[in-house]
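Close look at the chain arrangement
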Amino acid sequence: VQLQASGGGLVQAGGSLRLSCATSGLTFSRYIMAWFRQAPGKEREFVAAIGLSASNIKYADAVKGRFTISRESAKNTVYLQMSSLKPEDTADYYCAADGPLRFVISTTESPYDYWGQGTLVTVSS
């Protein structure tokens, strides 16, 4: 199983970025997909997750209304559209997969079986 995150970069405050996480080796439609992030000197934290149904979505309060998670089964890929970025959004962003056939989204790391490498997002003020 591989999860390949991409799309990070340097952006000014107020700007936008779209992260992608391409998966292989798992039945994508059977996995909850999530994004976590880890800022320098801080613990990794939950950002957003999308369940087997696209209507089952959860966001961290810190990103609600600014970030949008989506999934595209044809490409086995999950996205994180980030808008109105703030300097405090600066972090390594990780995608993760929980499954198969789990139906409750967890905001903690432990249930997630597979993780991608981080993609760095830097927001300048």
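Before reading on, note that the structure itself is shown above.
Every value quoted in this text rests on a predicted model; they were computed, and no experiment measured them. (Residues numbered from 1 in each chain as written. Predicted model: local features only at pLDDT ≥ 70, side-chain atom pairs only at ≥ 80, totals over all residues. Heavy atoms only, no water.)

**Describing the packing of aromatic side chains**
- A full pass over the atoms with the stated rule returns five aromatic pairs.
- Measuring from centroid to centroid gives 5.7 Å for phenylalanine 36 and phenylalanine 46, while their planes differ by 80°, and the two rings are edge-to-face. One end of the pair, phenylalanine 36, is in strand β4 (residues 32-38); the other, phenylalanine 46, is in strand β5 (residues 45-50), and 10 residues separate them in sequence. An identical accessibility class is assigned to phenylalanine 36 and phenylalanine 46; each is buried.
- Both rings, one in phenylalanine 36 and one in tyrosine 112, keep their centres 5.3 Å apart while their planes meet at 80°; by these two values the pair is edge-to-face. Placement of phenylalanine 36 in strand β4 and of tyrosine 112 in the loop between β9 (91-98) and β10 (114-115) is noted, with a sequence separation of 76 residues between them.
- Phenylalanine 36 sits in the buried class, given a relative accessible area of 1%.
- One aromatic cluster is present, built from ring pairs that chain together Phe36, Phe46, Tyr112 and Trp115. (Phe/Tyr/Trp six-rings, centres within 6.5 Å; stacked < 30°, edge-to-face > 60°. Helix = DSSP H or I, 4+ residues; strand = E, 2+ residues; numbered from the N terminus. Buried < 20%, exposed > 50% of the residue type's maximum accessible area, 1.4 Å probe, protein only.)

**A short note on the state of the cysteines**
- A complete count under the given rule lists one disulfide for this structure.
- Linked covalently through their sulfurs, cysteine 21 and cysteine 95 form a disulfide whose S-S length is 2.1 Å. The disulfide joining cysteine 21 to cysteine 95 has a torsion of about 65° about its S-S bond and is therefore right-handed. Linking cysteine 21 in strand β3 (residues 17-24) with cysteine 95 in strand β9, this pair joins segments that are 74 residues apart in sequence. (Disulfide = S-S within 2.5 Å.)

**Considerations on the nonpolar core**
- The biggest cluster of nonpolar side chains holds 38 residues, and the ones touching the most others in it are Trp35, Leu80, Met82 and Tyr93.
- Of all elements in the fold, only β1 (2-6), β3, β4, β5, β7 (67-72), β8 (77-82), β9 and β11 (119-124) reach the threshold of two or more residues within this core.
- Each residue touching methionine 82, except ones within four places of it in the same chain, is listed here: Gly15, Ser16, Leu17, Leu19, Arg66, Phe67, Tyr93 and Val121. (Core = buried A, V, L, I, M, F, W, Y, C linked by side-chain atoms within 4.5 Å. Contact = heavy atoms within 4.5 Å.)

**So, the sheet that holds β3**
- Spatially, β1-β3-β8-β7 is the arrangement adopted by the four strands of the open sheet, whose pairing is antiparallel. Here the strands that pair on one side only, and so sit at the sheet edges, are β1 and β7. Strand-to-strand twist of the sheet, defined as the mean angle between neighbouring strand axes without regard to direction, takes the value 15°.
- Bridge analysis of β1 against β3 gives five bridges, and the strand direction is antiparallel. Each bridged residue has a counterpart across the sheet, and for glutamine 2 the counterpart in β3 is serine 24. (Pairing = 2+ DSSP bridges. Axes fitted to C-alpha atoms, helices over the stretch in contact; angles between N-to-C directions.)

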